[in-house]
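Here are the chains, one letter per residue:
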Amino acid sequence: MSQLDMFSESPKRGETIKINHGEYIYIPDFYDKVTADSYLKRLITDINWKQESMNMYGKKVPFPRLTAWYGDQDKPYSFSGITLDPNPWSPGLVKIKSDIEPKAKVKFNSVLLNRYRNGSDSISWHTDAEKELGKNPVIASVNFGAERKFQLKHIETNERIDILLKHGSLLIMQGELQHYWKHQIPKTKKEIGERVNLTFRVIK
Ligand SMILES: O=C(O)CCC(=O)C(=O)O
Ligand SMILES: [Fe+2]
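Thresholds, definitions, all that
- Residues numbered from 1 in each chain as written.
- Chains lettered and ligands numbered in written order.
- Predicted model: local features only at pLDDT ≥ 70, side-chain atom pairs only at ≥ 80, totals over all residues.
- Heavy atoms only, no water.
- UniProt positions renumbered as here; feature names shortened; annotations may be inferred.
- Helix = DSSP H or I, 4+ residues; strand = E, 2+ residues; numbered from the N terminus.
- Pairing = 2+ DSSP bridges.
- Axes fitted to C-alpha atoms, helices over the stretch in contact; angles between N-to-C directions.
- Donors = N, O, S within 2.8 Å, 3.2 Å for Na, K, Ca; no water.
- Buried < 20%, exposed > 50% of the residue type's maximum accessible area, 1.4 Å probe, protein only.

Next up on the list: the UniProt feature "domain: Fe2OG dioxygenase" (unreviewed entry) in the protein. The positions that UniProt labels "domain: Fe2OG dioxygenase" (unreviewed entry) are, in the present scheme, residues 107-204. For residues 107-204, helix accounts for 4% and strand for 50%, while the C-alpha atoms at its two ends are 12 Å apart.

Here it is in structure tokens:
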């Protein structure tokens, strides 16, 4: 190990970080800026973005973000009380999927996209432990656009981990993480631009 690695605060690029019940890998510069800029533009214009809403006490409440679901045609997916039929894979999404699969060591069959238009858009505390993802799912999250704080909170101990998800970064969550940790992207008052997040998943 070099001096630099020994004394640097952040773990080595792409190293598996073991936490209390779970693990993750974070690669801040998975895509260089030019590539990430072009993906951001393309995803904003080409993806079939939808304003979905959830049912809360008989009232329709819009999600504070736009969403889209892409994947293999035989894999519908349910979350927050709605079921989405996937859009067919686009060439850009197939490329990103093939870029990340060697790192995740998994072949993904679907991707959920979230578009946070500004700091008022968010996703609140949840786990991605739906039955159709199987036990200990590997979820690979790719980030383009505005940097946002991704927060993890241990369900039993309330331990907290914050990761600033950068433009062009890749975060892989695996092991028991979805069973013991919730995660969220909180709202922010900062004047920030759009962010697009892709979470690649395996639907069983
Ligand atoms: O936007 C993010 O980084 C997280 C999205 C997320 O947690 C989800 O779609 O389940
Ligand atoms: Fe999630």
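Another aspect to go through is the sheet that holds strand S12 (residues 160-165). Spatially, S9-S14-S11-S12 is the arrangement adopted by the four strands of the open sheet, whose pairing is antiparallel. With partners counted over all chains shown, the strands left at the sheet margins are strand S9 (123-126) and S12, one partner each. Adjacent strand axes in the sheet meet at a mean angle of 15°, parallel and antiparallel pairs treated alike. Here four bridges tie strand S11 (residues 148-154) to strand S14 (residues 181-185), and the two strands are oriented antiparallel to one another. Along S14, the bridge assignment pairs lysine 153 with lysine 182.

On to the coordination of the iron ion (ligand 2). Around the iron ion (ligand 2), the protein supplies His126 (NE2), Asp128 (OD) and His183 (NE2) as donor atoms, at distances of 2.0 to 2.1 Å. Positions of the donor residues of the iron ion (ligand 2) along the chain correspond to the pattern H-x1-D-x54-H. Highlighted residues: histidine 126 in strand S9 and histidine 183 in strand S14, separated in sequence by 57 residues. Just as histidine 126 is buried, histidine 183 falls in that class too.

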